[in-house]
Every structure is written in structure tokens, then in C-alpha cells.
Amino acid sequence: MRRSVLFTVLFLAVLTGPARAQLFVEEGKVVLSVSGGDRISKTITVDNNSKDEMDIRVYWEDFQYQAPYDGSKKFLPAGTGMGSASGWIQYMPQEFKIPPSGKQKIDYTINVPAQVEGGHYGVLFFEKSTGAATDVTGVRIVTRIGCLFFIEAKNKAKKAQVGDIAVAGGDLTGTLTNAGDVVLIPRITYYVMDESGMVADRGELGRLYIPPGESAPWKLPLPKELAAGRYSLMVNADLEEGDIAVKDITLQKSSSGEFTVEKVQD
């Protein structure tokens, strides 16, 4: 029987109980704001928390966030993803041994092209070689950890649109569309006010990870305990760095408990 390879991807792995990751990268995410022609040199440190020496291979892959844009990623060969930064980065060493309870620094240099726009992304993987070791099912185990790179032009455009507002069951639903040229990871909050201007409810939605040109769905539960009447619900998507997307929604709750959308405005 042919043995398949199981890749266990551990990003800053946090294990339950007393166990902990054997291989650990001290910086799980690098965020750089760049201009054309910049040359940036830095280091990443990898720790071996085990009692055994490890053979490590270093390599780059591209990644893209996947629908429904809740943080799940698709990994791609270097140079094949949209906005790939693979041609900009050099790193050393590409293979090394790391002693028990030891550390290894990886030096990397990013050479930004003379003309740069938008966002460019990838992940530097550190893969532990296990030779022919297999688990009880005959599947060879390869463990890797990664450091995500977000390299974005200083003149990037961060824009979003809140749309498709509707009531579905007991929820208010909508979409957030990325109208800019970098990945958006917004913090979305909301509050509900009654006709007297008192806040009747407030909350925060889960994080979204939206590539340029894509739309992510969201929903928020409408409070069942609200009395019949008219309410103003404000959705605020904080895009970071001072950029926001806002939508003011007027809701009507009937005496039978049904919510309807009366008006939507920015």
C-alpha cells in the first residue's frame, strides 16, 4: 500500500493539557509597510522545545484566504498566488540542525520593486524532517510551522462596503465587500438604539479575512427581548489605520415579534 504524506500545519501551535509544541516560531506574523525600492533585512527565531536534535528545511509558499473568509487559508507554490511576494525575499539558512532546547535565527532580506502597489503575501515554512517515521496507520508525519508575511504598500487603499442588508429568521445579515487593494481583517462592532436614543444592545462580530474584490457574509442576532417599535442599528467595520466602513440601519419590530428593515444609509 502506498503511503500518503500527512502535513500537519501548526501556526504558533497551542496544544491542550501539559503538552506543548516541539517546534516554535517566535514571530508568527510579519507586517511591513513599504515603498518602492525599499530593502528590509530582519531575522526570525525558531525554538526547539524538545529533547532531540531536529533537521529543519525552510521554504516559501504563497497563501490566500478562502471563503467564507473566516481565516481559513489555501497554500500555493511560491510565485503562483495573487500578490505573491516570493520573488522579493531571500533567506538563510535554508536547511539547518537545531539542538535540543536550542534556537536558530533565520536572516531574511526583502527587496521591494521600484513600483509597488497593494498587498503582497506569503508564508515562510519551517519543516521538521522525520525521515521514514510513520504513525500506526502507515501515514508519514511531517510537521511544519509558519510565519505569515503581510507586505503592503504605504499608499495602499483600504476600502470596504457594507451591503446586502436583510433579516433572516432572528438575525440581521449582510456582506462586507473589500473595495481596496489589500487584505482586510476588520473589527466589526454594532449597537442598537431605541427611539429615545438609549442603547438597547451592543456587540462584536467574529473576525473576517477578506481579499481584495471579495465579499464576506456576516450576521448578528437581533435581541428577542426588544419591545415593538422602531430601532436604529449601527454597523461599524474598523479597517484599522483610521479607515472605517459604517452602515446605519432602521429596523421596525412588530407586535408579533417580526423585524423588518425600513431604511439603510451610510
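Some thoughts on the overall build of the protein
- A count of helical and extended segments in the protein gives 0 helices and 19 strands.
- Within the protein, contacts between residues at least 6 apart in sequence are counted, and of these 64% link residues at least 24 apart.
- Carbon and sulfur atoms form 49% of the exposed surface of the protein, whose accessible area is close to 14,200 Å².

A closer look at unusual backbone geometry
- Cis peptide bonds are those with omega within 30 degrees of zero, and the linkage from Ala67 to Pro68 qualifies with 10 degrees.
- Cis rather than trans, the peptide bond between Met92 and Pro93 has omega equal to -5 degrees.
- With respect to the helices and strands, Pro93 occurs in the loop between strand 7 (89-92) and strand 8 (95-98).
- Phi is positive for Glu240, close to 75 degrees, though the residue is something other than glycine.
- As for its placement among the helices and strands, Glu240 is situated in strand 17 (residues 229-240).

Some remarks on the pattern of salt bridges
- The full count for this structure, using the stated rule, is 12 salt bridges.
- The salt bridge partner of Lys158 is Glu241, with a shortest N-O separation of 3.5 Å. Linking Lys158 in the loop between strand 11 (140-153) and strand 12 (160-168) with Glu241 in the loop between strand 17 and strand 18 (243-253), this pair joins segments that are 83 residues apart in sequence.
- What makes Lys158 buried here is its relative accessible area of 11%.
- Counted as one network, the salt bridges with shared partners bring together Glu26, Asp47 and Lys103.

What to know about the nonpolar core
- Within the largest apolar cluster, 68 residues are counted, with the highest numbers of intra-cluster contacts made by Phe126, Phe149 and Leu233.
- Residues in contact with Leu233, not counting those within four places in the same chain, are Leu172, Tyr190, Tyr191, Val192, Leu220, Leu222, Lys247, Asp248, Ile249 and Leu251.

Re the environment of Leu172
- Note on placement: Leu172 falls in strand 13 (residues 171-178).
- According to the relative accessible area criterion, Leu172 is buried, its value standing at 0%.
- In this structure Leu172 touches Ile165, Ala166, Val167, Trp218, Lys219, Leu220, Leu222, Leu233, Ile249, Leu251 and Val261, once residues within four positions along its chain are discounted.

Considering the sheet that holds strand 9 (residues 103-111)
- Pairing in this open sheet of 4 strands is antiparallel, and the strands run 2-4-9-7 from one edge to the other. Two strands close off the open sheet at either side, each with one partner strand: strand 2 (23-25) and strand 7. If you compare each strand with its neighbour and ignore which way they point, the axes differ by 25 degrees on average.
- Pairing between strand 2 and strand 4 (residues 39-48): 3 bridges, direction antiparallel. Within strand 4, the residue paired with Val25 across the bridge is Val46.

Here we look at the sheet that holds strand 16 (residues 215-221)
- With respect to topology, 3 strands assemble into an open sheet ordered 12-13-16, the strand pairing being antiparallel. Only two strands of the sheet have a single partner each, and these edge strands are strand 12 and strand 16. On average, adjacent strands in this sheet sit at an angle of 25 degrees to one another, irrespective of strand direction.
- Where strand 13 lies against strand 16, 7 bridges are found, and the strand directions are antiparallel. Following the sheet pairing, Leu172 is matched in strand 16 by Leu220.

What counts, and at which threshold
- Residues numbered from 1 in each chain as written.
- Predicted model: local features only at pLDDT ≥ 70, side-chain atom pairs only at ≥ 80, totals over all residues.
- Heavy atoms only, no water.
- Helix = DSSP H or I, 4+ residues; strand = E, 2+ residues; numbered from the N terminus.
- Contact = heavy atoms within 4.5 Å.
- Areas by Shrake-Rupley, 256 points an atom, 1.4 Å probe, with all protein chains shown as cover.
- Salt bridge = Lys/Arg side-chain N within 4 Å of Asp/Glu carboxyl O.
- Buried < 20%, exposed > 50% of the residue type's maximum accessible area, 1.4 Å probe, protein only.
- Core = buried A, V, L, I, M, F, W, Y, C linked by side-chain atoms within 4.5 Å.
- Pairing = 2+ DSSP bridges.
- Axes fitted to C-alpha atoms, helices over the stretch in contact; angles between N-to-C directions.

Such coordinate-based values are descriptive only and should not be taken to indicate function.
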